[in-house]
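# Topology and contacts: notes
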Amino acid sequence: MTLIAPQPRHAILPVPMPPVLSIVVPVHDEAAVLPDLYRRVHEVLDTLGEPWELILVDDGSLDRSSEVIAELCERDQRVRGIALSRNFGFQVAVTAGLDATRGAATILMDADLQDPPEVIPEFVALWRQGYDVVYGVRGARAGESWFKKATASGFYRLMQRLTSVPIPVDTGDFRLMDRRVVEAVRQMPERHRFLRGMVSWVGFRQIGVVYARQPRWAGQTKFTLAKMVRFALDAITGFSHLPLQLASFLGFTLAALSGLAIVAVVFLRLFDSSQPLLGQATTLVAVLFLGGVQLICLGIVGEYLGRVADEVKLRPLYLIRQRWGFDEPASDAVPRGVR
Ligand code: UDP
Ligand code: MG
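Residues numbered from 1 in each chain as written. Chains lettered and ligands numbered in written order. Predicted model: local features only at pLDDT ≥ 70, side-chain atom pairs only at ≥ 80, totals over all residues. Heavy atoms only, no water.

### A look at the packing of helix α1 (residues 34–48) against helix α2 (residues 65–75)
Packing of α1 against α2 leaves a shortest axis separation of 10 Å and a crossing angle of 35°. Crossing hand, α1 versus α2: right-handed. Within the contact between the two elements, α1 uses L34, P35 and Y38 and α2 uses S65, V68, I69, L72 and R75. Grouping the constituent residues of the contact of α1 with α2 by class yields 6 nonpolar, 1 polar and 1 charged. (Axes fitted to C-alpha atoms, helices over the stretch in contact; angles between N-to-C directions. Helix = DSSP H or I, 4+ residues; strand = E, 2+ residues; numbered from the N terminus. Left-handed = near helix turned anticlockwise from the far one by under 90°. Contact = heavy atoms within 4.5 Å. Nonpolar A, V, L, I, M, F, W, Y, C, P; charged D, E, K, R; others polar.)

Here it is as structure tokens:
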């Protein structure tokens, strides 16, 4: 005879529903916009009727952002906060957020409300139709300088020419990603990150939604010209080897040209003695030109080599100072890159 032990009767506790939608927002000195961000995200997501979570990643802010995040987490359990130990930059802050998401789909957006949360239902509808990535395409860009628009447009077109990964033109990081895509991106350990390229590289079914990019709600852009140049270099070196091949291309072209020049000089020397071959200035210009070309090529190799050196160090991608709304303490969070 088998004895069946009586099952213990558990008190029925309200089990928190796992979120279906995770919103990840990197925050750098955005204390002024956070309450409005929370309000608008909250309003939009509540109309969708799905459990959701908002993950705010404080990327080394010097203002009150951390305090505001802590207050929001206190007020609403669906808000969770991560404070990085210093400013690691947009791409890494987003990565820290992605590492913490639990939803079946994750939406990335900026804190400054330039990406209107009101577009999210459209993203979610397309995701429900079976798309794995729904990215925002910037139709109009209000409140941005002509310089920013011109450099951005030039950058997207250059990237299209240089890379084999089809990175859609005029898209930012405002996008929805299915769990599968988030997991794929999380498996990419690179330090110099260009998330839009990485998400394109992943593949699956992707589709764009045109939206009007709004002016900043408050505060100022955190992207200086120097940061933009570094970002563009990360994007190019991360997704194209064409610049490295430029040296061979230039080498062959210049060698062919000088081959022709040698033939011409020999010909003139042998058969046309009427004019002596002068050209101190030509020599100087040619030497300077070649010196310049060689240094540029060395510089290009240096850009790649420096990045390779950074990658092989295998430092953790980011460090966490504090977290709000997580069960386990921050010290238990495994730093990424340490394997
Ligand atoms: N940001 C960040 N770390 C940085 C710079 C920016 O987390 O080092 C965040 C910033 O708080 C914002 C988003 O990245 O949520 C986009 O920044 P910003 O609006 O300044 O860029 P822009 O829209 O001008 O390109
Ligand atoms: Mg912005």
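### Things to note about a nonpolar patch on the surface
On the surface, I262, V265, V266, F267, L268, L270, F271 and L277 cluster together into a nonpolar patch covering about 810 Å² of accessible area. Looking at the element boundaries, L270 is found in helix α9 (residues 242–271). Overall, L270 belongs to the exposed group, its relative accessible area being 61%. (Patch = residues over 30% accessible without salt bridge, like charges linked within 9 Å, V, L, I, M, F, W, Y side chains within 5 Å. Areas by Shrake-Rupley, 256 points an atom, 1.4 Å probe, with all protein chains shown as cover. Salt bridge = Lys/Arg side-chain N within 4 Å of Asp/Glu carboxyl O. Buried < 20%, exposed > 50% of the residue type's maximum accessible area, 1.4 Å probe, protein only.)

### Details of the side chain of R196
Inspection of the secondary structure assignment puts R196 in helix α7 (residues 195–202). A distance of 2.9 Å separates the side chain of R196 from the side chain of Y156, its partner in a polar contact. Among the polar contacts listed, one links the side chain of R196 to the side chain of D173, at a separation of 3.2 Å. Not counting chain neighbours up to four residues away, the residues in contact with R196 comprise Y156, T171, G172, D173, R175 and F231. (Polar contact = N/O pair within 3.5 Å; in protein donor to acceptor, adjacent residues only side chain to side chain.)

### Section: the packing of aromatic side chains
Within this structure, the stated rule accounts for 9 aromatic pairs. Consider the rings of F194 and F231, whose centres lie 5.5 Å apart with planes at 65°: the pair is edge-to-face. Within this pair, whereas F194 is found in the loop between α6 (179–186) and α7, its partner F231 is found in helix α8 (residues 225–239), the two being separated by 37 residues in sequence. Considered together, F194 and F231 belong to a single accessibility category, that of buried residues. Linked through ring pairs, F155, Y156, F194, F231 and F239 together constitute an aromatic cluster. A cation sits over an aromatic face here: R86 above F88, 4.0 Å from the ring centre. Between R323 and the ring centre of F326, over which it is positioned, the NZ or CZ distance is 4.2 Å. (Phe/Tyr/Trp six-rings, centres within 6.5 Å; stacked < 30°, edge-to-face > 60°. Lys NZ or Arg CZ within 6 Å of the ring centre and 35° of its normal.)

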